[in-house]
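Listed below are the residues making up each chain.
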Amino acid sequence: MIFGRSERGKPPVEPVTLKILVAGGFGVGKTTLVGAVSEIRPLRTEELLTEAGRPVDDTSGVEAKSTTTVAMDFGRITLREDLVLYLFGTPGQERFWFMWDELSEGALGAVVLADTRRLEDCFAAVDYFERRAIPFVVGVNCFEGSARYPEDAVRGALDLDDDVPLVLCDARDRESVKEVLVGVVQHAMTQAARRRSAVTT
Ligand SMILES: Nc1nc2c(ncn2[C@@H]2O[C@H](COP(=O)(O)OP(=O)(O)OP(=O)(O)O)[C@@H](O)[C@H]2O)c(=O)[nH]1
Ligand SMILES: [Mg+2]
């Protein structure tokens, strides 16, 4: 192999790297999502949920949950040879939200994960990205046993703009998560093109 060239003789491609946030309420599956697709061992900042935290940490719906993210999750996925995503999972609990501004710096777009049993938990994330004009896709994480609602009902409950994509997903499933991430990249590109044409016309 010639130095600096791949085995097939093609020059190596310098991939475009994009930063994507994974946000949403407490226990919706953000850490699970990053772990499901990451090709590097994901960096996690999990701490045990303790008895002392019981009055403030609402675990209803995710009673089996024993840990929570206190700073962030970090992972990486190569979508194409020339396109790499860096994933930053945010902490779900309100008392760690001061991390969000730091984490959203330079982000191309975001996934807002939602659990239909506790939709109100993702209002804050939807609001956060709308205010900052960061393109986002809503991923409804389909936990077993949770009722399936029609897309329109979920959109209505979250008061989503028509152009915000909403996808059903399983945060534990690599292919399903990849689809959500491709959706974020596509949506962000469309939004950017729209903004560019608004400036030039
Ligand atoms: N059945 C089912 N369980 C899931 C799914 N996604 C996540 N879980 C479980 O739900 C719990 C919460 O998942 P986490 O990934 O820790 O959630 P999180 O959003 O990172 O939580 P915080 O960081 O504490 O806000 C874990 O016990 C997961 O195993 C899913 O799609 N289906
Ligand atoms: Mg987490």
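- Where an unreviewed UniProt entry is consulted, the protein chain appears under the name ATP-binding protein, with the organism given as Streptomyces variabilis.
- Here is the UniProt Sequence similarities (unreviewed entry) comment for the protein chain, exactly as written: "Belongs to the GPN-loop GTPase family."

## Focus: unusual backbone geometry
Alright, step 1. Unusually for a residue other than glycine, alanine 133 sits at a positive phi of about 55 degrees.
Alright, step 2. The topology assignment puts alanine 133 in the loop between helix 3 (123–131) and strand 7 (136–141).
Alright, step 3. Accessibility expressed as a relative area gives 44% for alanine 133, which makes it partly exposed.
Alright, step 4. You will see that aspartate 159, though not glycine, has its phi angle at about 55 degrees, which is positive.
Alright, step 5. By the secondary structure assignment, aspartate 159 is in the loop between helix 4 (151–158) and strand 8 (166–169).

## Structural notes on the nonpolar core
Alright, step 1. In terms of nonpolar packing, the biggest core is built from 27 residues, with Leu21, Val112, Phe129, Phe136, Val138, Leu158 and Leu160 touching the most fellow members.
Alright, step 2. Contact partners of leucine 160, with chain neighbours within four places excluded, come to Val126, Phe136, Val138, Arg155 and Leu166.
Alright, step 3. In this structure, Val28, Val34, Leu113 and Leu181 belong to the second largest nonpolar core, which totals 23 residues.

## Examining the site of ligand 1
Alright, step 1. Around ligand 1 there are 18 residues in total, and Lys30, Thr31, Thr32, Thr68 and Thr69 lie nearest to it.
Alright, step 2. With respect to ligand 1, the side chain of asparagine 141 contributes an N or O atom lying 2.8 Å from an oxygen atom.
Alright, step 3. Within the side chain of arginine 172, a nitrogen or oxygen atom sits 3.4 Å from a nitrogen atom of ligand 1.
Alright, step 4. Contact with the protein chains removes 83% of the 660 Å² of surface that ligand 1 exposes when unbound.
Alright, step 5. Judged by the proximity of its atoms to the pocket grid, ligand 1 belongs to the largest pocket.
Alright, step 6. Looking at the shell around ligand 1, the elements with two or more residues in it are helix 1 (30–37) and strand 3 (67–69).

Thresholds, definitions, all that
- Residues numbered from 1 in each chain as written.
- Chains lettered and ligands numbered in written order.
- Predicted model: local features only at pLDDT ≥ 70, side-chain atom pairs only at ≥ 80, totals over all residues.
- Heavy atoms only, no water.
- UniProt positions renumbered as here; feature names shortened; annotations may be inferred.
- Helix = DSSP H or I, 4+ residues; strand = E, 2+ residues; numbered from the N terminus.
- Buried < 20%, exposed > 50% of the residue type's maximum accessible area, 1.4 Å probe, protein only.
- Core = buried A, V, L, I, M, F, W, Y, C linked by side-chain atoms within 4.5 Å.
- Contact = heavy atoms within 4.5 Å.
- Near = heavy atom within 4 Å.
- Polar contact = N/O pair within 3.5 Å; in protein donor to acceptor, adjacent residues only side chain to side chain.
- Areas by Shrake-Rupley, 256 points an atom, 1.4 Å probe, with all protein chains shown as cover.
- 1 Å grid on protein atoms, 1.4 Å probe; cavity = no way out; pocket = protein on both sides within 12 Å on 5 of 7 lines; lining within 4 Å.
- Sits in = over half its atoms within 2 Å of the grid points.

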